[in-house]
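# Geometric and topological summary
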Amino acid sequence: MRYALLAPIFLSLVIAVQTSVIKAWPWPWIVGARSNRIAVCDYNAPKRGLLRKREAAIADYARIILEQRDVQAAFDKYIPGEYIQHSSFFSRSGREHSIEVLIPFYTDPGLSWSNLRTFASGDGNGVFHYKLNTNGGREKGGETYAVIDIFRFKGTCIVEHWDAVQQIFGNETNPIAFF
Ligand SMILES: *[C@@H]1O[C@H](CO)[C@@H](O)[C@H](O)[C@H]1NC(C)=O
């Protein structure tokens, strides 16, 4: 049978396919779609359900950067590329400079925060509003601030940042000043 000559070719093809399937572990067509969505934001996220995804993203970004104090992980997950920085606490735009400045800031043991709220808006912005203590906070000789951070989304990724920071002195005449 001359078709018998094709058997080794067929066999090596089967082995090649199997090998590449095994190498593709953890098999993206089974688990990848789900874990990729959790692992990194998506600049091209479809419009459907986007507001909900941005609400989840901004809350998760706040959790990673404020609670876990892991600036690198927060940026890797939600700011993997372009980043326009408007905050006056930074001397220039861009992801790398922001990471450089924020790592020592967020890992400082004198830093604490409370009263956090996060929002996302239909036009593609996300917001943190919170109370921030530096150097132990006002009661321990440091400073306390009311902070609003505004982030612009592209898909489920963050691409731009503005902030407004107001110092709390404790002598405000409004008994419910700030919070
Ligand atoms: C509160 O204290 C700050 C800092 O000492 C001062 O600049 C500000 O004018 C004071 N505000 C009021 C309402 O007294």
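Quick summary incoming for the structure in this document. (Residues numbered from 1 in each chain as written. Predicted model: local features only at pLDDT ≥ 70, side-chain atom pairs only at ≥ 80, totals over all residues. Heavy atoms only, no water.)

Attention shifts here to the side chain of Asp149. Along the polypeptide, Asp149 turns up in strand S4 (residues 143–154). There is no salt bridge for the buried Asp149, and the closest opposite charge comes from Arg117, which lies 13 Å off by N-O distance. A polar contact is formed between the side chain of Asp149 and the side chain of His161, at a distance of 2.7 Å. With residues up to four places along the chain from it excluded, the contact list for Asp149 reads Gly126, Val127, Phe128, Tyr130, His161, Trp162 and Asp163. (Helix = DSSP H or I, 4+ residues; strand = E, 2+ residues; numbered from the N terminus. Buried < 20%, exposed > 50% of the residue type's maximum accessible area, 1.4 Å probe, protein only. Lys, Arg positive; Asp, Glu negative; His and termini not counted. Salt bridge = Lys/Arg side-chain N within 4 Å of Asp/Glu carboxyl O. Polar contact = N/O pair within 3.5 Å; in protein donor to acceptor, adjacent residues only side chain to side chain. Contact = heavy atoms within 4.5 Å.)

In this section: the sheet that holds strand S5 (residues 157–168). The five strands lie next to each other as S1-S5-S4-S3-S2, forming an open sheet whose pairing is mixed. The strands lining the two open edges of the sheet, one partner per strand, are strand S1 (84–85) and strand S2 (112–120). Bridge count for S2 against strand S3 (residues 125–134) is seven bridges, and the pairing is antiparallel. Of the residues in S3, the one forming a bridge with Thr118 is Phe128. (Pairing = 2+ DSSP bridges.)

Among all positions in helix H4 (residues 71–78), only Val71, Ala74, Phe75, Lys77 and Tyr78 are buried. Projection of H4 onto a plane perpendicular to its axis shows the buried side chains occupying an angular sector of 165°, all on one side. (Arc of directions from axis to C-beta.)

Summarising the sheet, S1 and S5 pair through two bridges and their orientation is parallel. Within the sheet, the bridge partner assigned to Ile84 lies in S5 and is Glu160. Pairing between S4 and S5: eleven bridges, direction antiparallel. Following the sheet pairing, Lys154 is matched in S5 by Cys157. From the end of S4 to the start of S5, which pair antiparallel, there are two residues, and Gly155 there has a positive phi angle of about 65°.

Counted under the stated rule, the structure contains eight salt bridges. We note a salt bridge from Asp60 to Arg63, for which the minimum N-O separation is 2.6 Å. Residue Asp60 and its partner Arg63 are located together in helix H3 (residues 50–67), separated by three residues, close to a single helical turn. The buried category is assigned to Asp60, whose relative accessible area is 13%. Judged by relative accessible area, Arg63 falls into the partly exposed class, the value being 33%. The residue Glu139 makes a salt bridge to Arg138 at a minimum N-O spacing of 3.1 Å. Look at Glu139 and you get exposed, because its relative accessible area is 71%. Residue classification places Arg138 among the partly exposed residues on the basis of a relative accessible area of 35%.

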